[in-house]
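# Summary of structural features
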Amino acid sequence: MSHTLYGIHVKDVASKERLSRAYSIQKEDKKTAFYVLPSLMWLQEARRKQPGLLITTFDDMASFILKQANVSYIPLTEEERTLFFLQFIKEEEVFHGDLVVSGKARAYADTYGQLKRLGLEVEQIPVALKPLQGLFQSYESQVVHKRGLLDPENILLRAIEIIKEKPEQVQMSVSIDGYLDFSPLQALFIEALKKAGITVEIYLPNHTDFSIVDQTVKELVAIGFDDERGLKEEDIVMTSKELVAASTNEEQWRGVLEEICLSPDPYDKVGILVVDERSGMEPLERYSKGYAVPLNKPKKRKVSTTSIHAFILAILNNNGAPKSKWEQLPFVELILRLYQVNGLDYAKQKQKFLSTGEWEQKELGELFNKMNQLKWKQNETFVHFIKNVRDMIQALPFQSIWEKWFDEEEDVQKLKEVAAEYKALNLIDAQLKKYEQLLTDKGLDRLMMTHELFIEWVQEIGEQLQLFEQRASKQGVSIHTWRDVSLFKGDKLYVVGMNEGVFPAPHHLSGYVQERDLLTELVRFSPPTQEHFKMKQQAQLEQLSYIARDVTFTYVRGIDVNHPLLPSPLLEIEVSKREWSWESRMESSHSFTAEDELEKIAYHVGKGCQVEDVPALVERVSKRLERLEQADEPVTFFENKPLEPVISVTALESYARCPFRYGMERVLQVAEPEAMQERVSPLDIGQMMHAIIEELYMEMEVVGKSFSELRGSLELLPKRLEELFEEKWEQIERQSPEISRFDLQLTKNEWQKRLRRWWQAERKHFWDNANLSTMHILALEKPIRFELKLSDEKTLILTGKADRVDRLDDAIVVYDYKSGQASVKVDEIKTGLKLQLPLYAFAIRDELERMEEGSIKADGATYISLKEPSKRAGNGIWRSEHVGKSSRYQVSSHCRNREDELGTEQFLVNHELRDRIEQLWNGMKTNFPVEPIECSNFCAYRAVCRVTDEKRENANG
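Worth saying up front: this structure is predicted, and the values here are computed from it rather than measured.

## Some words on the overall build of the protein chain
For the protein chain, the helix and strand inventory stands at 34 helices and 27 strands. For a compact globule of 957 residues, the expected C-alpha radius of gyration is about 30 Å, and the protein chain comes in at 39 Å, more than 25% above that figure. A principal-axis box enclosing the C-alpha atoms of the protein chain has dimensions of 125 × 75 × 65 Å. Buried residues in the protein chain amount to 48% of all 957 residues. Residue pairs at least 24 apart in sequence account for 76% of intrachain contacts in the protein chain once pairs closer than 6 positions are excluded. Put simply, the protein chain shows about 47700 Å² of open surface, and 48% of that area lies on carbon and sulfur atoms. Taken as two groups, the 127 positive and 155 negative side-chain charges of the protein chain have centres that lie 2 Å from each other.

Have a look at this one:
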């Protein structure tokens, strides 16, 4: 029997000659001949060259041996193995006296899988992992041996056992081609084949500096293989290579594809090696479609990306717990997508559901209600779960509706979408049926499964199953990974994504296995250490010298010139002076699509260049940008409808704060976008607190009574305060159905504490303040309405409401309660941001003087923040005599707003308030520019506002 190692050129993997010879042996000796290759693309290429030959993988070869030996088992993927391991641990419930949580159970499952990939039996577990040995032994006894659930690693290990125990049953010959190295488990399999006297011929790339191959040969020779590789293959074909940096990942892909478009080479002479295939394939497919570059790669789509798979998962995740309309909205959207409802009808239905819970189409509403009524047990047999889902699928109306659309629908894009969902549903049902039959045939119809793990299993089905969307273009650019790049037959190869940290990629062991656990004699072949994988990736890079004549490596440098990203340290070439960036692409003299041409014209117009024949769209956009940069938004809303000269003081403040928001909110009355309620409305809180304070003081009949007169009746007030809060809070809860009970309770506790602190501050500053014994509350919620003469002899009527006015002899103080933070600065008064305090003080003082025909002064006007109820210094405006240690109002010397003319005409003159109010009033009628004085990150109109970062910074100081 032959056990020989041969050396080959990397381009000679799966040669027609060797494939034909293997097929001849199979026919002449009348025994199975396996030809093992390292990747799917190699398998496809070899099967095309030699039909009839068993061209396969190690896993398939092991499955064949188990079938020949009549071993009854159910094959599991690695993810399914993890799920069954989790199920096993859930049945065990505790391990070493501790309840095993899901995260730790996954770590145990990953550890077990890693040990199996190392080719270790449970008895050979590394010392550091000995505490897990009993758990793994129980798992193998109950799940692997008793139930016959075998993952890929256990299938290989079971095949090795059969080869060792019954070699006479294994009649075959094996050719292994194109591998640089073998995993520990694969090497054990090869060793078992060799010891069983089975012919094994291995063809390894035979080039200089392939140290990983030399290590592999050394291990194979040690188990009895003959090394017949001969002289090294030295015919290097690479004549040119360069390294190009790109500013972003987008520019990297655009740079590659634009070069391909400009190249005189046919597409089938160009190849792309995607270094990071997980993250690189999607942008490659997306940008190649935009540039109309054909790819020699079929386009496939995971079933997990379809709406029908998401729909099934949504139903399974329905645990029967009450949900808000917002929580149900994703399920509503799935139904609408499956019924191909889109555009305005889609938006209207969502709006109607959120408003009323009703449906425009009766059949959609019936499906929604029916699916929401389904109940799932937390623990059930696996087969029962599958049957229930299959029954549900059979009852769905989609298939018949879609089949009808196939006959009637004319929209090609819509038909494609429906066809994809139709195929996905049939694939899911077929996979469920197959698994149900498999479990039943193997006598595992009573195998238990939790609902949670069943959902994860259905998710995994979506990841495994694929929909075929588009055939590969035979004349297109070939797409490769490191495993199959030696298939490349052209001249020009782009190696995309050669960043440090991406290549060489760091290798991570699974679970609790550490690299130190590999450095023992237990792992006999090629331990998967960092050094081993670095050697392998070095060989993968070196092979390019024998594959392509012209190679361009690319990497993303980033846009931070001070901290650039670096290329792979394995690339020992200088970075090219040319760089792919947005600017260089815009400066290019070539356009590849109509969209690309438009973008480049717009770029040059924006730079101020003279451009001939500017497209109408660019001209239109340029004019719009000019207008937008001016920030003006004139509105002719009131052109033929003069406004009544009456305005609230708070409206003036709102306009001053942001004219654009004022126009959207109060003039055009554009409603805020609906969103799920995540917290209690600050507006509701503010109204509640104001109502509590007013009601409490009205019940006390405080108006007109001195503070000293009321002190004796204050002891019962805290209890009444709590009662009022409980009454008002019930209304808050009714207005907040989408907020969880827990979050509502947290908010309630917070505002109860604030209300108590408010009452303590009220007592300190008013009721127990000996300096204010004779002071009294003059009015609560006092309406304000007064005339303000403007410069053109017109009169503006200003309105408002003062929360509270106190009086002591000939002095008054105006108070305004705020549920949030409250402060006032002189500059804010001048700009119009804070007008309530000074204007209310002016109006009330003026009214009292007219009524009493005497002199009245305003000692102060201040906000009382319910967050900081004791604070007085920065919250208001005070006469100088009432600031400092001697202040009867307990205003500290930190107060900067000292105004002895507060409430007088002179105050308005000093701060030019008449001019500012007139300016605001005139603007409120005609213009709503994007010129905020204050700009909130949480503004409801931010999505349609064009405020620049510069303006936002200026507005927020």
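Continuing now.
## Quick look at the sheet that holds strand β9 (residues 199-205)
Spatial ordering of the open sheet is given by β3-β2-β8-β9-β1-β10, a layout of six strands whose pairing is parallel. Each having just a single partner strand, β3 (54-56) and β10 (226-228) make up the two edges of the open sheet. Sheet twist, expressed as the average angle between the axes of neighbouring strands with direction ignored, equals 20°. The sheet contact formed by strand β1 (residues 3-8) and β10 spans three bridges and is parallel. Opposite Y6, over in β10, you have E228 as the bridge partner. With respect to the sheet, helix α1 (residues 16-29) is in contact with β1, β2 (32-36), β3, β8 (172-177) and β9, its orientation differing from that of β2 by roughly 160°.

## Looking at helix α22 (residues 594-606)
Helical geometry: 3.6 residues make up each α-helical turn, so side chains three or four residues apart lie on a common side. Spanning 13 residues, α22 covers 18 Å between terminal C-alpha atoms, matching the ideal 18 Å at 1.5 Å per step. Looking at α22, one finds that the buried residues are D596, K600, I601 and Y603. Along the long axis of α22, the arc covered by the buried residues comes to 155°, so they all point the same way. Residues of α22 that are exposed and angled more than 90 degrees away from the buried face: A594, E595 and G606. Contact partners of the buried residues in α22: α10 (249-262), α21 (582-586) and α23 (616-630). Just past α22, the residue G608 takes up positive phi, approximately 90°.

## Considering a nonpolar patch on the surface
Judged by side-chain polarity, L617, V621 and L625 come together as a nonpolar surface patch covering roughly 230 Å² of accessible area. Secondary-structure assignment places V621 in helix α23.

## Some details on the side chain of R390
In this structure, R390 sits in helix α16 (residues 382-395). With residues near it in sequence (within four places) discarded, R390 still touches D429, L432, K433 and E436.

## Brief notes about the UniProt feature "domain: PD-(D/E)XK endonuclease-like" (unreviewed entry) in the protein chain
The residues that UniProt annotates with the feature "domain: PD-(D/E)XK endonuclease-like" (unreviewed entry) are residues 647-946. Span residues 647-946 is 43% helix and 17% strand, its end C-alpha atoms 28 Å apart.

## Overview of the environment of L467
Locating L467 in the fold gives a position in strand β17 (residues 466-470). Leave out the neighbours within four places in its chain, and L467 touches K299, K300, R301, V303, T306, A420, K423, A424 and L427.

## A few points about unusual backbone geometry
Geometrically, the link from F503 to P504 is a cis peptide bond, its omega value of 0° lying close to zero. Mapped onto the elements of the fold, P504 is located in the loop between β19 (492-496) and α20 (530-542). Although it is not a glycine, Q890 adopts a positive phi angle of roughly 60°. Residue classification places Q890 among the partly exposed positions, given a relative accessible area of 30%.

## Comments concerning the sheet that holds strand β20 (residues 550-556)
Read from one edge of the open sheet, seven strands run β13-β18-β12-β19-β20-β11-β21, paired in parallel fashion. Every interior strand has two partners, whereas the edge strands, β13 (295-296) and β21 (575-580), have only one. Pairing analysis gives two bridges linking β13 to strand β18 (residues 477-480), with the strands arranged parallel. Each bridged residue has a counterpart across the sheet, and for L295 the counterpart in β18 is V477.

## Some details on the packing of aromatic side chains
Under the definition given, this model contains 47 aromatic pairs. Judged by centre distance (4.9 Å) and plane angle (15°), the ring pair of F385 and F454 falls under stacked. In this pair, F385 is assigned in helix α16 and F454 in helix α19 (residues 451-464), connecting sequence segments 69 residues apart. Comparing F385 with F454, the two get one shared label, buried. Through a chain of ring-to-ring contacts, three or more aromatic side chains come together here, namely F311, F331, Y339, F353, W359, F368, F398 and W402. If you follow R18 out to its NZ or CZ, it ends over the ring of Y203, 4.7 Å from the centre. The ring of F766 carries the charged tip of R804 above its face, separated from the ring centre by 4.0 Å.

## Details of the packing of helix α24 (residues 649-657) against helix α31 (residues 836-852)
Two numbers describe how α24 lies on α31: the axes approach to 10 Å, and their chain directions differ by 155°. The angle between α24 and α31 places the two elements in the roughly antiparallel class. Crossing of α24 against α31: the hand is right-handed. Residues V649, T650 and E653 of α24 lie in contact with α31, whose contacting residues are Q836, L839 and Y840. Split by residue class, the contact of α24 with α31 holds three nonpolar, two polar and one charged.

## A word on the pattern of salt bridges
Summed over all chains, the structure comprises 64 salt bridges. A salt bridge links R254 to E250; the shortest N-O distance between them is 2.8 Å. With R254 and E250 both in helix α10 and four residues apart, this pair spans about one turn of that helix. Taking the relative accessible area as the measure of exposure, R254 reaches 18% and is therefore buried. With a closest N to O distance of 3.2 Å, R850 and D846 form a salt bridge. Of this pair, R850 and D846 both sit in helix α31, four residues apart, which is roughly one turn of the helix. One network of salt bridges, with partners in common, ties together E78, R81, R117, D151 and E153.

## Some remarks on the pairing of β20
For β20, a buried count of seven out of seven residues is recorded, marking the element as mostly surrounded by other parts of the structure. In β20, alternate side chains face the same way, and those of D550, T552, T554 and V556 on one face and V551, F553 and Y555 on the other are all buried. When strand β11 (residues 240-246) meets β20, the two strands line up parallel, connected through seven bridges. Of the residues in β20, the one forming a bridge with K241 is V551. Handedness of the crossover joining β19 and β20 through α20 is recorded here as right-handed.

## Examining the packing of helix α12 (residues 307-316) against α19
In a packed pair of helices, the relevant descriptors are the angle between the two axes and the axis-to-axis distance. Interaxial distance between α12 and α19 falls to 10 Å at its minimum, and their mutual angle equals 180°. Looking at the two axes, α12 sits roughly antiparallel to α19. Note on element contacts: α19 touches α12 through H451, F454, I455, V458, Q459 and G462, opposite H309, I312, L313 and L316. Among the residues forming the contact of α12 with α19, the class breakdown is six nonpolar, four polar and no charged.

## Examining helix α25 (residues 659-667)
Every buried residue of α25 is accounted for by P659, F660, Y662, G663, M664 and V667. Along its buried surface, α25 packs onto β22 (646-648), α24 and α33 (913-926). Q669, located one to two residues past α25, shows a positive phi value of around 55°.

## Looking at the nonpolar core
Residues F189 and F311 are the most contacted members of the largest nonpolar core, which totals 154 residues. In this view, F189 contacts F58, M61, A62, I65, L156, A159, I160 and I163; residues no more than four positions away in its chain are not counted. I784, L798, A858 and A861 belong to the second largest nonpolar core, which has 44 residues in total.

## Some details on the state of the cysteines
Per the counting criterion, the structure on display carries zero disulfides. A disulfide-free cysteine, C939 has its sulfur positioned 6.3 Å from the sulfur of C658, the nearest such atom.

Parameters and conventions
- Residues numbered from 1 in each chain as written.
- Predicted model: local features only at pLDDT ≥ 70, side-chain atom pairs only at ≥ 80, totals over all residues.
- Heavy atoms only, no water.
- Helix = DSSP H or I, 4+ residues; strand = E, 2+ residues; numbered from the N terminus.
- Rg over C-alpha atoms; globule rule 2.2 N^0.38 Å.
- Buried < 20%, exposed > 50% of the residue type's maximum accessible area, 1.4 Å probe, protein only.
- Contact = heavy atoms within 4.5 Å.
- Areas by Shrake-Rupley, 256 points an atom, 1.4 Å probe, with all protein chains shown as cover.
- Lys, Arg positive; Asp, Glu negative; His and termini not counted.
- Charge placed at Lys NZ, Arg CZ, Asp CG, Glu CD.
- Pairing = 2+ DSSP bridges.
- Axes fitted to C-alpha atoms, helices over the stretch in contact; angles between N-to-C directions.
- Expected span 1.5 Å × (residues − 1).
- Arc of directions from axis to C-beta.
- Patch = residues over 30% accessible without salt bridge, like charges linked within 9 Å, V, L, I, M, F, W, Y side chains within 5 Å.
- Salt bridge = Lys/Arg side-chain N within 4 Å of Asp/Glu carboxyl O.
- UniProt positions renumbered as here; feature names shortened; annotations may be inferred.
- Phe/Tyr/Trp six-rings, centres within 6.5 Å; stacked < 30°, edge-to-face > 60°.
- Lys NZ or Arg CZ within 6 Å of the ring centre and 35° of its normal.
- Parallel < 35°, antiparallel > 145°, perpendicular 65-115°, else oblique.
- Left-handed = near helix turned anticlockwise from the far one by under 90°.
- Nonpolar A, V, L, I, M, F, W, Y, C, P; charged D, E, K, R; others polar.
- Right-handed = clockwise from strand over helix to strand, strands pointing away.
- Core = buried A, V, L, I, M, F, W, Y, C linked by side-chain atoms within 4.5 Å.
- Disulfide = S-S within 2.5 Å.

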